[in-house]
Amino acid sequence: MPSMPSPRVVTRFAPSPTGHLHIGGARTAVFCWLLARHYGGRFVLRIEDTDTERSRQEYTDSILASMSWLGLDADSAPVYQTRRFSLYDEYIERLLKSGDAYWCRCRPEEVEAMRDKARAAGEKPRYDGRCRALGLGPGPGHAVRLAVPPSGKIVFEDMVKGTVSFDVNELDDMVLRRADGAPTYNFAVVVDDVSMNISHVIRGDDHLNNTPRQILIYQAIGAALPVFGHVPMILGPDRQKLSKRHGAKAVIEYEKDGLLPEALVNYLVRLGWSHKDQEIFNREELIAHFNGASLNSAAASFDPEKLLWVNSQHLRALSSQEMLPRLLPFLRREGIPVDDTDHIMRCIPLYQPRVDTLAELAGQMRPLLLKAADIVHDPAASAKFLSAEGTAHVAALRERLGTLEDFHKEALRRCIHAYVEESGVKLKLIAPGLRVCLLGTGSGPDLADIMEVLGRRESVERLSRALSHAGALISLHRE
RNA sequence: GUCCCCAUCGUCUAGCCGGCCUAGGACAACGGCCUUUCACGCCGUCAACAGGGGUUCGAAUCCCCUUGGGGACGCCA
């Protein structure tokens, strides 16, 4: 039940290409995307590259790649601010003509001196508007400033913060167009949001203070206001600003770690939004429930452990067919042969409930996918579980398995249990040794499951190889 | 310094247009069950309304103050 029926919801995500997409930005993007999808509206991407010093094409490419990996598809090609300078100039002309903006010849150092003075007096640092009455025209070093009304209050309803109000006296005559002709951030944003018909501006609450400035610009150009929604920032586990040492990384890093994009999206959305007690959501559920309400107004801290848990839940929901293409790159990275995809798919269910990430899955599956000759037997586990007695049990079981007519897990299980009963030893005593022989490690999936997947020939070969290896070890000890 | 925003378990949160809250769920931690191991799963334990004033028959829920945290004060975005 959509609570905010709107004729046309248009949202935008507007990163500046000065770095890779990080999780804070990613979460904002997810919120924007979900709101548009929920209401059947449009979602667009705008690259805010007016800072030519710091903007880099490789970051734009990286951000685009991360958006695509996350599944946040836009409804039109990205808009680049650097290609819209003539549009900004048109608006500047209009504001100059109407008297809502004026030329300023003050040098940056002069303005900084004014601010220092105000700061020293315990006031809010601001430009004093001395050029406003001068009636200046364009000229070298001249910027354009907005003529802010002398008094009044800016009040707006924020989707997440509720009623927010600022006193106009707090604001000074901000620069709209730099001396070099480039638009400033606040001005470009407003012109773009107006011309792109953005209905909902969702962004981090570090922009809350920009909003009254931008509203002044909306008013000056006579445009209707969009709905604003300022989502709280994401903090580190220590409540400090999120940084790399908190385990918060760029989105591409999570991709490399083997996270599922739907899991990252799920985790990010729940950081600041909730739907009753539900923790795990698929994409359809998110779209169905995310209507812009229930957004938390307090900052949240990032918890890498819960992210892993969410990922493990999504990982378990995948069928082997769905898992395969996602897993393949990680197996290749481990140098594991990937030609027998049927075999890989049969191995997936054995490890799926045991791991949190795709990278971990690839690592754990390794012994099952390698050839018998390439298995590395963990020396500690071998020493512990492959005593002379343990080895004898493995040898005896190998004989039985070699002649077992039915090599399916139920039969294998019966075979093992029959041996246990007849020999009178505890299963506990022989199982770990068997596993070491099969996989090289003391722990892992169910033995019958392992052997069924391996098949008779491979299982027996692994046992034989391990036995000869263990025999050599034992005779070595005797000498 | 000035302005803005925020405040429920360690963390994410439900609840917040007042009574159904001896505050619910999840992650983590701890204990147990299941089990050939390690996991999964299941069961349980620990754990919070920042403090102080109001308003009210009644406040986690409304108001004020304090404290704490975050953000912003650029010809950066």
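Scoring rules and cut-offs
Residues numbered from 1 in each chain as written. Chains lettered and ligands numbered in written order. Predicted model: local features only at pLDDT ≥ 70, side-chain atom pairs only at ≥ 80, totals over all residues. Heavy atoms only, no water. Pairing = 2+ DSSP bridges. Helix = DSSP H or I, 4+ residues; strand = E, 2+ residues; numbered from the N terminus. Axes fitted to C-alpha atoms, helices over the stretch in contact; angles between N-to-C directions. Near = heavy atom within 4 Å. Polar contact = N/O pair within 3.5 Å; in protein donor to acceptor, adjacent residues only side chain to side chain. pLDDT = per-residue confidence, 0-100. Parallel < 35°, antiparallel > 145°, perpendicular 65-115°, else oblique. Left-handed = near helix turned anticlockwise from the far one by under 90°. Contact = heavy atoms within 4.5 Å. Nonpolar A, V, L, I, M, F, W, Y, C, P; charged D, E, K, R; others polar. Salt bridge = Lys/Arg side-chain N within 4 Å of Asp/Glu carboxyl O. Buried < 20%, exposed > 50% of the residue type's maximum accessible area, 1.4 Å probe, protein only.

Visitor: How would you sum up the sheet that holds strand β8 (residues 175-177)? Please name residues and give values.
Guide: Across the sheet, three strands lie side by side as β4-β5-β8; this open sheet has antiparallel pairing. The strands lining the two open edges of the sheet, one partner per strand, are β4 (101-104) and β8. If you compare each strand with its neighbour and ignore which way they point, the axes differ by 45° on average. Examined bridge by bridge, strand β5 (residues 143-146) and β8 share two bridges and lie antiparallel to one another. The residue bridging R145 from the neighbouring strand is V175, located in β8.

Visitor: Can you break down the protein's contact with RNA strand B residue by residue, with the values?
Guide: Close to RNA strand B lie 60 residues; R115, R178, G272, R354 and D446 are nearest. Within 4 Å of the protein, the contacting atoms of RNA strand B are drawn from sugar and phosphate to the extent of 70%. Separating a sugar or linking oxygen of RNA strand B from a side-chain N or O atom of R316 is a distance of 3.3 Å. Among the secondary structure elements, those contributing two or more residues to the surface near RNA strand B are β5, β7 (162-167), β12 (300-301), α10 (304-316) and α17 (427-439). With five residues, α10 is the single largest residue contributor to the surface near RNA strand B.

Visitor: Account for the confidence of the model for chain A, naming residues and giving values.
Guide: Looking at chain A, the pLDDT average stands at 90 and 95% of residues meet or exceed 70. Overall fold confidence (pTM) sits at 0.92, and the ipTM for the predicted complex is 0.94.

Visitor: How would you explain the packing of helix α16 (residues 409-423) against helix α18 (residues 447-454) if you had to name every residue and give the values?
Guide: It is at 8 Å that the axes of α16 and α18 come closest, and there the two elements cross at 130°. If you check the angle between α16 and α18, you find them oblique. Relative to α18, α16 is oriented so that their crossing is right-handed. Facing K409, L412, R413 and I416 of α16, the residues of α18 in contact are L447, A448, D449, M451 and E452. Its residues assigned to classes, the contact of α16 with α18 shows five nonpolar, no polar and four charged.

Visitor: Break down the pattern of salt bridges for me, with residues and values.
Guide: Close approach of charged atoms lets side chains of opposite charge pair. Taken as a whole, this structure holds 34 salt bridges when the rule is applied. Where D75 meets R37, a salt bridge forms, and the shortest distance between an N and an O atom there is 3.2 Å. Here D75 is found in the loop between α2 (57-70) and β3 (79-80), whereas its partner R37 is found in helix α1 (residues 23-38), with 38 residues between them in sequence. Classification of R37 as buried rests on a relative accessible area of 17%. Three or more residues joined by partner-sharing salt bridges are found here, namely R12, R46, E48, R84, D192 and D193.

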